[in-house]
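Structural description and commentary
Each chain, written out:
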Amino acid sequence: MKFINKLEEWLGGTLFLIIFGILLAQIVSRQVFDSPLIWSEELARLLFIYVGMFGISMATRTQQHVYIDFLTNKMPVGVRKGVNSFVQILTYICLFLFFHLGLKVFLDANFEIVSLEISEKWLYAALPLITVLMFYRFLQAQNENYKNNLSHLPPLFYIVLTVVLLGILFFQPDLFKALRITNYVKLGSDAVYVVLVVWLIIMFLGSPVGWSLFIATILYFAMTRWSIVNSASIKLTDSLNSFSLLSVPFFILTGILMNTGGITERIFNFAKALLGHYSGGMGHVNIGASLIFSGMSGSALADAGGLGQLEIKAMRDAGYDDDICGGITAASCIIGPLVPPSIAMIIYGVIANESIAKLFIAGFVPGVLITIALMTMNYFVAKKRGYPKTAKATLEERCVAFKKAIWAVLTPILIIGGIFSGLFTPTEAAVIAAAYSTIIGMFVYKELTLKLFFKSCVEAMAITGVTALMVMTVTFFGDMIAREQVAMRIAEFFVAVADTPTMVLIMINLLLLFLGMFIDALALQFLVLPMLIPIAVHFGIDLVFFGVMTTLNMMVGILTPPMGMALFVVARVGNMSVSTVTKGVLPFLVPIFVTLILITFFPSIITFIPNLIMP
């Protein structure tokens, strides 16, 4: 039992390290020996599929996938228990179909991965194989739910159901044809609307967003053309076969290593030496540290969770009220997805097929604008409340703080410089950043051990698993959206209501602000952007600008209840209530909205520098 419980960590963590080594070898081979490795990219992508699915398995065990639960939390205990049981049945169906469809794709695969000289069956074996492990993890989670009186159904129910379904699948597969809705009713073009309504219902009942997308798409094929589900399901695996997506786990790893290796504390002390003596100084330090940290992790929640505890303690010690401590910490973390490197920009670049390097440049100016805007609001709040200033650091103290933080401060320069000089791709830059963070933590600051390093890799894999499930299922869902031309129908509505690109941008901003109150930013990015990007193209809106604008907009969502993830993270690390953090963040939403309005009406603020550098 203990061996199985550690299986994802051992296998997934080892594969993660192998990918790390392969990509480092690729960079050294090309840059030092001028002899690119032909097989390295293909092998890294192949292994990433397995790592991503191991991450899904880990998230299934810990029930960490993205879900919307503010409605179910308000239900009576008995009703909530029934709803939870229904959601778990849906998740079980998803796992069974993952195995079934993955097995069919595996059996049908007959081509060769040329550079590796192996069958592509190795590529498609990941889904059915690791789904078996996912099912075991699902049973573990259900056992806990049943013991804690959160579900009506014991694990034995799912085991018996699996035996029955597998028996039908292998001995009487024709019985499954009775489940095709087209046998009983023909909905035609109206099927997509029924599916979208069902999808929204099951998602808001608390089904993990990734699984809700998958089950909705399966329902669509059952209501229309089940015969094409096999050809569509190949996208479940192919969606992870992306070199650009490989950068995500390594930027996540960089952020984790920054926390583990003692780097965040040195960043904070450096920011304190520079800004602590001004009015609202510790608030400025909080925001400034977030700007520096953002140039390494690329993640809002990594900033909130990593620097948050340190920032809040320092502000409390300086006499700041809890609401402002939490509010500034939450508001400043949204700088992360704007300032390069940015995980949100990488995902947008993959979805929109846009230059990630250009998106990185474009995000820098609004990131700095947000920083200045938050500092301005912090100054007025501090003046009004009469918060004390900290003692001004001497030149010697500043030099010492800078000397201690110099290796950390060089990280964003290394990443951005490498990308724009042409030395690295964004994915290779992420690998270099992770390697650099490892060296700093182990040999410069000497706070990172091999055990902690491996643990950090496993943690990065688990977080990547949440993204991996979203990528897989939203690509599958996107097949339905494309077949039914949903994006074009939405575009026709926008054309009927709005007659200028600016009016369209206002409508899109209002839509995203509303949806961001209820849907997690990561989920919103995957769900809505595939439908909005064609609209932007139709109206001639620059896609680089559009990516930055929508990223900033969706970051507002992590600051607004009831689904404001940053509010929950900051409340947890600061040991305060969510309502306290929410109260504190309200004044800082004003400068963020002002910045959003500014870039919406003046897109050249964003596009000027990228067009100048990369025309």
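Residues numbered from 1 in each chain as written. Predicted model: local features only at pLDDT ≥ 70, side-chain atom pairs only at ≥ 80, totals over all residues. Heavy atoms only, no water.

Moving on to the overall build of the chain. Within the chain one finds 28 helices and 2 strands. For 615 residues, the compact-globule estimate of 2.2 N^0.38 gives 25 Å, and the chain sits close to it at 25 Å. Seen along its three principal axes, the alpha-carbon backbone of the chain occupies a region of about 80 × 55 × 55 Å. Look at the contacts in the chain between residues 6 or more apart in sequence, and 80% of them connect residues 24 or more apart. Surface summary for the chain: the accessible area is close to 25,200 Å², and the carbon and sulfur share equals 68%. When the 37 basic and 33 acidic side-chain charges of the chain are each reduced to a single mean position, those positions are 8 Å apart. (Helix = DSSP H or I, 4+ residues; strand = E, 2+ residues; numbered from the N terminus. Rg over C-alpha atoms; globule rule 2.2 N^0.38 Å. Contact = heavy atoms within 4.5 Å. Areas by Shrake-Rupley, 256 points an atom, 1.4 Å probe, with all protein chains shown as cover. Lys, Arg positive; Asp, Glu negative; His and termini not counted. Charge placed at Lys NZ, Arg CZ, Asp CG, Glu CD.)

Right, let's get into the packing of helix 19 (residues 395-420) against helix 20 (residues 426-444). A pair of packed helices can be characterised by two numbers: the angle between their axes and the separation between those axes. Close contact between helix 19 and helix 20 brings their axes to 9 Å; oriented N to C, the two are set at 160°. Comparing their axes, helix 20 and helix 19 come out roughly antiparallel. The hand of the helix 19/helix 20 crossing is right-handed. Contacts between helix 19 and helix 20 pair Trp407, Ala408, Leu410, Thr411, Leu414, Ile415 and Ile419 from the former with Pro426, Ala429, Ile432, Ala433, Tyr436, Ile440 and Val444 from the latter. (Axes fitted to C-alpha atoms, helices over the stretch in contact; angles between N-to-C directions. Parallel < 35°, antiparallel > 145°, perpendicular 65-115°, else oblique. Left-handed = near helix turned anticlockwise from the far one by under 90°.)

For helix 25 (residues 543-557), with 15 residues, the first-to-last C-alpha span of 21 Å sits near the 21 Å given by 1.5 Å per residue. Along helix 25, 15 of the 15 residues are buried, which leaves the element largely enclosed by surrounding structure. Sitting at the amino-terminal end of helix 25 is aspartate 542, which places a side-chain oxygen 2.8 Å from the backbone nitrogen of valine 544. (Expected span 1.5 Å × (residues − 1). Buried < 20%, exposed > 50% of the residue type's maximum accessible area, 1.4 Å probe, protein only. Polar contact = N/O pair within 3.5 Å; in protein donor to acceptor, adjacent residues only side chain to side chain.)

Turning our attention to the pattern of salt bridges. A complete count under the given rule lists 6 salt bridges for this structure. Residues aspartate 322 and arginine 316 are paired through a salt bridge, measuring 2.8 Å at the closest nitrogen-oxygen approach. Taking the relative accessible area as the measure of exposure, aspartate 322 reaches 30% and is therefore partly exposed. Looking at arginine 316, the relative accessible area reads 31%, which means it is partly exposed. Aspartate 323 is the partner of arginine 385 in a salt bridge, and the nearest nitrogen-oxygen pair spans 3.0 Å. Of this pair, arginine 385 sits in helix 18 (residues 356-385) while aspartate 323 sits in helix 16 (residues 322-332); the two residues are 62 residues apart in sequence, bridging distant segments of the chain. Under the relative-accessibility criterion, arginine 385 is labelled partly exposed at 37%. Given a relative accessible area of 8%, aspartate 323 falls into the buried group. (Salt bridge = Lys/Arg side-chain N within 4 Å of Asp/Glu carboxyl O.)

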